[in-house]
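Structural characterization, general
Below, each chain spelled out in residue letters.
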Amino acid sequence: MPWRLFKRGEKPKVGFVSFTGCQGCQFSILFIDNILKILKKFDIKYFHLLKEKNKESDFDLIFVEGAISTKSQVKKLKEIRKKSKYLVAFGTCATCGGIPAMRNFLEADELKKHVYNQKLSKDSIDAGPVEKHVKVDYHMYGCPVIKKEFVNFIKTFLKKKEVKECETPVCLECPRKGKNCYLLEKVPCLGAVTHGGCNALCIRNNHQCIACRGPLKTANFAAEVKLFENLGLSEKDIKNKLHKFINNEKNNTKPHNKD
Ligand code: SF4
Ligand code: SF4
Ligand code: SF4
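Basis of the calculations
Residues numbered from 1 in each chain as written. Chains lettered and ligands numbered in written order. Predicted model: local features only at pLDDT ≥ 70, side-chain atom pairs only at ≥ 80, totals over all residues. Helix = DSSP H or I, 4+ residues; strand = E, 2+ residues; numbered from the N terminus. Buried ≥ 20, exposed ≤ 12 C-beta atoms within 10 Å, placed from the backbone. Arc of directions from axis to C-beta. Near = placed C-beta within 6 Å. Nonpolar A, V, L, I, M, F, W, Y, C, P; charged D, E, K, R; others polar. Pairing = 2+ DSSP bridges. Axes fitted to C-alpha atoms, helices over the stretch in contact; angles between N-to-C directions. Core = buried A, V, L, I, M, F, W, Y, C linked by C-beta atoms within 7 Å. Contact = placed C-beta atoms within 7 Å. pLDDT = per-residue confidence, 0-100.

Moving on to the overall build of the protein chain. Regarding its fold elements, the protein chain presents nine helices and seven strands. Sorting the 259 residues of the protein chain into buried and exposed places 38% on the buried side.

So this is what it looks like as structure tokens:
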């Protein structure tokens, strides 16, 4: 709980660490207006895009970016968890596996041939979310994370208040819902199975949702697959749409057997 983590008047010790990802989440927050002023409220112990590393520190608040994709990363992550009071899974790679977890659907030989230039490490494991290995206190979704959500989180955390996660789908925030939904136009849109909190950003900019904030835990993936089949999408097209961000084994996103 944030109110127990640091004393009033003290600057919370904060860190940003990165595993398998593009570091776009860390990078995007550097473009927040007044970011340096915001970060001055913290004692920044580790943020390699901004400051020299301090590997030995413990943290009141740690942002963990990226999927976990090797055994050595699991070990490192567990060490970080031990010395961090409050851990935020930062971005869709960290919350859900994201883009790095697309590889879980490919055969190792294919990966070696096309992606890793025949150098897939023996240390590799299926890429997955941080929560698969350690406790997560807050999930900040998005590829990349949304700047406004980051600022709201920081402000609430500094007030020692609990930060509430969005648990509803993109559809609830969508200006097209109930009238000119993309699905009525036979355009596949993943808003119904995707974590909201982005204010349906893409739809407001005339593009369907591609699920960049990851799969909603309560979503009915089997129904979504069936819906896409009824729209006439092939099995390959459905897999391509779903497996970009919805790639956790527990989500049943396999197209139905059409026999
Ligand atoms: S969530 Fe997206 S922007 Fe963030 S590290 Fe992963 S790929 Fe990059
Ligand atoms: S499916 Fe897409 S277009 Fe339709 S309501 Fe949901 S987010 Fe909006
Ligand atoms: S509308 Fe969908 S793809 Fe666009 S930002 Fe929101 S979750 Fe991501």
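Back to the text.
As a further point, take helix α8 (residues 221–230). For α8, every residue scored as buried is listed here: Glu224, Val225 and Phe228. All buried residues of α8 lie within an arc of 100° about the axis, which places them on one face of the element. Seen from the buried face of α8, the exposed residues on the opposite side, beyond 90 degrees, are Ala223 and Asn230. Looking one or two residues past α8, Gly232 carries a phi angle of roughly 100°, positive in sign.

What follows covers the site of ligand 2. As a matter of local geometry, ligand 2 sits amid 15 residues, with Cys171, Cys174, Cys181, Cys189 and Gly191 nearest to it. Tallied by class, residues from the shell around ligand 2 come to eleven nonpolar, two polar and two charged.

A few words on helix α9 (residues 235–242). All of the buried residues in α9 are Ile238, Lys241 and Leu242. Each buried residue of α9 lies within a common arc of 90° when the element is viewed along its axis, so the set occupies one face. In this structure, α9 carries Lys236 and Asn240 as exposed residues pointing more than 90 degrees from its buried face.

A few words now on the sheet that holds strand β7 (residues 138–140). Pairing is parallel in the open sheet, where five strands are placed in the order β2-β1-β3-β5-β7. The open sheet is flanked by β2 (43–47) and β7, the only strands paired with a single partner. This sheet shows a mean twist of 20° between the axes of neighbouring strands, independent of strand direction. Bridging between strand β3 (residues 59–65) and strand β5 (residues 84–90) involves six bridges; their strand directions are parallel. Paired with Val64 across the two strands is Ala89, which belongs to β5.

Our next topic: unusual backbone geometry. A cis geometry characterises the amide bond from Cys143 onward to Pro144, with omega recorded as 0°. Here Pro144 is to be found in the loop between β7 and α6 (147–158). Here Ala200, not a glycine, exhibits a phi torsion of approximately 50°, which is positive. Considering the arrangement of structural elements, one finds Ala200 in the loop between α6 and α7 (201–204). Notably, Asn206 is not glycine yet its phi reads approximately 65°, a positive angle. Here Asn206 lies in the loop between α7 and α8.

This part is about the nonpolar core. Residues Ile62, Val64, Ala89 and Phe90 are the most contacted members of the largest nonpolar core, which totals 35 residues. Listing elements by their share of this core, those giving two or more residues are β1 (13–18), α1 (24–29), β2, β3, α3 (71–82), β5, α4 (92–96) and α6. Dropping the residues within four chain positions of it, Val64 is found in contact with Val17, Ile80, Leu87, Val88, Ala89, Phe90, Ala94 and Val130.

Here we take up the pairing of β1. In terms of burial, β1 is largely enclosed, as six of its six residues are buried. The alternating pattern of β1 places Lys13, Gly15 and Val17 and Val14, Phe16 and Ser18 on opposite faces, both of which are buried. Pairing of β1 with β2 involves four bridges; the strand directions are parallel. Considered in β2, the bridge of Gly15 is made with Tyr46.

Attention now moves to the environment of His48. Position of His48 among the secondary structure elements: in the loop between β2 and β3. For His48 and Gly15, which are 33 residues apart along the polypeptide, the C-alpha to C-alpha distance reads 9.2 Å.

A few words on the confidence of the model for the protein chain. Predicted confidence across the protein chain gives a mean pLDDT of 87, with 86% of residues reaching 70 or more. Long-range and interchain partners of residues 249–259, a stretch whose pLDDT sits below 50, account for 17 contacts in this model, where long-range means more than four residues apart.

Moving on: the environment of Gln23. For Gln23, the position within the fold is in the loop between β1 and α1. In this structure, the C-alpha to C-alpha distance between Gln23 and Gly66, residues 43 residues apart in sequence, is 7.5 Å. Setting aside chain neighbours within four positions, we find Gln23 in contact with Ser18 and Glu65.

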